[in-house]
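Commentary on secondary and tertiary structure
Given next are the chains, with one letter for each unit.
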Amino acid sequence: MARRFAARADRAVVDGITKVTDRALGPYQTAIVRIGFSFTWLAFLLFEWPNRHELYGPDGPWSWELGRRLIESNHAFTVLLWSDSTVWFEVVYALAVLSSAALLVGWRTRTASVLFMIGVLSLQNRSVFMGDGGDNVIHLMAIYLVLTRCGRVWSLDARRARQRADGAGADPVGVALWALLGAALAVATVRGEVGWFGDDGPVPFVGWATVLWTLWAVHGLWWAVRSVPPAGVGTDGGTGGDTGGADRDTGTGGGTDRKADVRRLMDVLGNVVHNAALLVIMVEVCLIYATAGWYKIQGSRWQDGTAVYYPLHLDYFTPWPALSELLGGSGLMIMVLSYGTVIVQVAFPFTLFNRRVKNVLLAVMMLEHASIAVVLGLPFFSLAMIAADAVFLPTVFLVWLGGRTSRWAGRLRPRPRETADEGKPEEPDGAPDSARTLVG
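So, here's what we can say about the structure. (Residues numbered from 1 in each chain as written. Predicted model: local features only at pLDDT ≥ 70, side-chain atom pairs only at ≥ 80, totals over all residues. Heavy atoms only, no water.)

**Details of the side chain of Thr-318**
For the record, the criterion: Starting at the N terminus, helices and strands are each numbered in turn, a helix being any DSSP run of H or I of at least four residues and a strand any DSSP run of E of at least two. The term polar contact refers here to a pair of N or O atoms within 3.5 Å; inside protein, the definition further demands a hydrogen-donor-capable atom paired with an acceptor-capable atom, and it admits residues adjacent in sequence only when both atoms are side-chain atoms. Every residue pair with non-hydrogen atoms within 4.5 Å of one another is taken to be in contact.
Inspection of the secondary structure puts Thr-318 in the loop between helix H12 (300-303) and helix H13 (321-328). A distance of 3.0 Å separates the side chain of Thr-318 from the backbone oxygen of Asp-315, its partner in a polar contact. When residues no more than four places from it in sequence are discounted, the contact partners of Thr-318 are Pro-311, Leu-312, His-313, Ser-324 and Val-375.

Written as structure tokens, this is what we have:
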């Protein structure tokens, strides 16, 4: 019996390691999270375009000098404080908009995710008092998305990979983008704007120069070996992209074998990092709801069921006074909303052990955030939370949603018969098991 138990344990460990290293789990979930957060941030930047100078620029109440003093004390990262020039601010803001749009459509996803992170951190850390809670979620997810392979489906990278199935050939756009960003990073490093070590990096004792140069080098190495697919592992090539490559034999020469080994190692490491980041995103969402729920339990207004009443009667949170008055005038409705909010937030992490209950509660939470967007006038906070919740959406539902979206888009833009299937979601590696992943 002991030997049988040990054999089963060994088999379970091997199967777990194989599952984590063989493919990137939750490709549709990470894609919808990528689309959700990039859309939320892009919509916010465009909506606040007329007010950008007051929010993050030279005309804001939080002056450049105050921002510099704050950064010196908390060691946060922002490129906006590299110069107090208005032109520099406009360039950074424009790049933040462009990187958000690129990440939204999945164009050069690896590069776009890094630029998206830089844009989010730069603007938010420049004026830390501008935000409604959703900015904290975007702040964290922007870092996590860099570590995921979030462009494997529903992206221009995936479409380009299908059109160029051999994964080889020249890629002048990717090479030019990689070289341009390397030159910009070199200038920033020489000027001392980013350090190699210290307390100003994303992790202790590691500076932003170390992180960004590592990402830049990995992107270059990936491009160098992208034409040699690892045997038995899905492809994922292209400079700055997140998918592509080939499924063909490129020879057995010594150099090719070494490149294939490097490619195989990078693919395995990429899968491990992706799956770890996906797990962190899921844990982060659970922590957000768990802490919010348990803190509410400690509040007297939540205990007596009247907490929702007060924001409904604040002018700042009443874009629709008649609707707020209708909800706030019913004592029963106030009590149901107050207690229901606490129950849903506290219970959600525990419902992950039951798929059906989790899906029901997930729909309730998304509906709650949509209601907050309308009733309290917090659209970007609600969009950020809905995008975070989307990591738990079932794969079957996301595949169905992708198919419906593709058919709807096909009706708007007729395409030739031979390319009619290009809009369908790409089946990720391990397609037979893709309907049941650890997130859905």
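Back to the text.
**A few points about the packing of aromatic side chains**
How two aromatic rings sit relative to each other is set out by the distance from centre to centre and by the angle between their planes. For clarity, the cut-off: Pairing of aromatic rings covers Phe, Tyr and Trp, the last counted by its six-membered ring, and requires centre-to-centre distances within 6.5 Å; plane angles under 30 degrees mean stacked, over 60 mean edge-to-face, and any other angle means tilted. Residue burial is assigned from relative accessible area. The probe radius is 1.4 Å, only protein chains are included, and a residue is buried under 20% of its type maximum, exposed over 50%, and partly exposed in between. A ring has a charge above it when a Lys NZ or an Arg CZ is no more than 6 Å from the ring centre and no more than 35 degrees off the ring normal.
Taken as a whole and assessed by the stated rule, the structure comprises 16 aromatic pairs. When the centroid spacing of 5.5 Å and the interplanar angle of 70° are considered together, the rings of Trp-49 and Tyr-93 count as edge-to-face. Highlighted residues: Trp-49 in the loop between helix H2 (27-47) and helix H3 (52-55) and Tyr-93 in helix H5 (residues 86-105), separated in sequence by 44 residues. Classification of Trp-49 as partly exposed rests on a relative accessible area of 35%. It is Arg-52 that lies over the ring of Trp-49; its NZ or CZ is 4.2 Å from the centre. In this structure, Lys-296 is placed above the aromatic ring of Trp-302, and the distance from its NZ or CZ to the ring centre is 5.3 Å.

**Here's the deal with the packing of H2 against helix H17 (residues 395-412)**
The condition is simple: With axes taken as lines fitted to C-alpha atoms, and helix axes fitted only over the stretch in contact, angles between N-to-C directions fall between 0 and 180 degrees. Roughly parallel refers to an angle under 35 degrees, roughly antiparallel to one over 145, roughly perpendicular to one between 65 and 115, and oblique to any angle outside these ranges. Should the near helix be turned anticlockwise from the far one by less than a right angle, the crossing is termed left-handed; should it be turned clockwise, right-handed. When residues are sorted by character, Ala, Val, Leu, Ile, Met, Phe, Trp, Tyr, Cys and Pro go into the nonpolar class, Asp, Glu, Lys and Arg into the charged class, and all the rest, Gly among them, into the polar class.
H17 packs onto H2 with a crossing angle of 60° between their chain directions and a minimal axis gap of 9 Å. As the angle between them shows, H2 and H17 are arranged oblique. The way H2 lies across H17 gives a crossing that is left-handed. Residues Tyr-28, Gln-29 and Ile-32 of H2 form the contact with H17, whose own contacting residues are Thr-395, Leu-398 and Val-399. Tallied by class, the residues present in the contact of H2 with H17 amount to four nonpolar, two polar and no charged.

**Things to note about a positive patch on the surface**
Worth spelling out the cut-off: For patches, a residue must show more than 30% relative accessible area and have no salt bridge; joins then use 9 Å for like charges and 5 Å for nonpolar side chains, namely Val, Leu, Ile, Met, Phe, Trp and Tyr. Computed with the Shrake-Rupley method and a 1.4 Å probe, the accessible areas treat only the protein chains shown as cover for residues. Salt bridges are counted wherever a side-chain nitrogen of Lys or Arg sits within 4 Å of a carboxyl oxygen of Asp or Glu. As used throughout, the charge tally considers Lys and Arg to be positive and Asp and Glu to be negative, leaving His and the chain termini uncounted. The location of each charge is read from NZ of Lys, CZ of Arg, CG of Asp or CD of Glu.
On the surface, Arg-3, Arg-4, Arg-8 and Arg-11 cluster together to form a positively charged patch. Structurally, Arg-8 can be placed in helix H1 (residues 2-22).

**A few points about the environment of Leu-185**
Checked against the element boundaries, Leu-185 lands in helix H9 (residues 172-190). With 31 residues separating them along the chain, Leu-185 and Trp-216 place their C-alpha atoms 9.1 Å apart. Residue contacts for Leu-185: discarding those within four places in its chain leaves Leu-212 and Trp-213.

**Describing the nonpolar core**
Where we set the bar: Residues belong to one nonpolar core when they are buried, are Ala, Val, Leu, Ile, Met, Phe, Trp, Tyr or Cys, and are joined through side-chain atoms within 4.5 Å.
Counting residues in each nonpolar core, the largest one holds 77 residues, and the members touching the most others are Phe-37, Trp-41 and Tyr-56. At nine residues, H2 tops the list of elements feeding residues into this core. The residues contacting Tyr-56, other than those within four sequence positions of it, are Trp-41, Phe-44, Leu-80, Phe-89, Tyr-93, Leu-123, Gln-124, Arg-126, Ser-127 and Met-130.

**Re H5**
For the record, the criterion: Expected span of a helix: the number of residues minus one, times 1.5 Å.
Between its first and last C-alpha, H5 extends 29 Å over 20 residues, near the 28 Å set by a 1.5 Å rise per residue. Regarding H5, the residues found buried are Phe-89, Val-92, Tyr-93, Ala-96, Val-97, Ser-99, Ser-100, Ala-102 and Leu-103. Those residues of H5 that are buried are in contact with H2, H3, helix H6 (109-126) and helix H7 (134-146). Backbone geometry just after H5 places Gly-106 at a positive phi near 75°.

**Overview of the pattern of salt bridges**
Under the counting rule described, the total for this entry stands at nine salt bridges. Arg-160 serves as the salt-bridge partner of Asp-157, at 3.1 Å between the closest nitrogen and oxygen. In this pair, Asp-157 and Arg-160 are both assigned in helix H8 (residues 156-163), three residues apart and thus about one turn of the helix distant. The class for Asp-157 is buried, based on a relative accessible area of 0%. With a shortest N-O distance of 3.3 Å, Glu-193 and Arg-191 are connected by a salt bridge.

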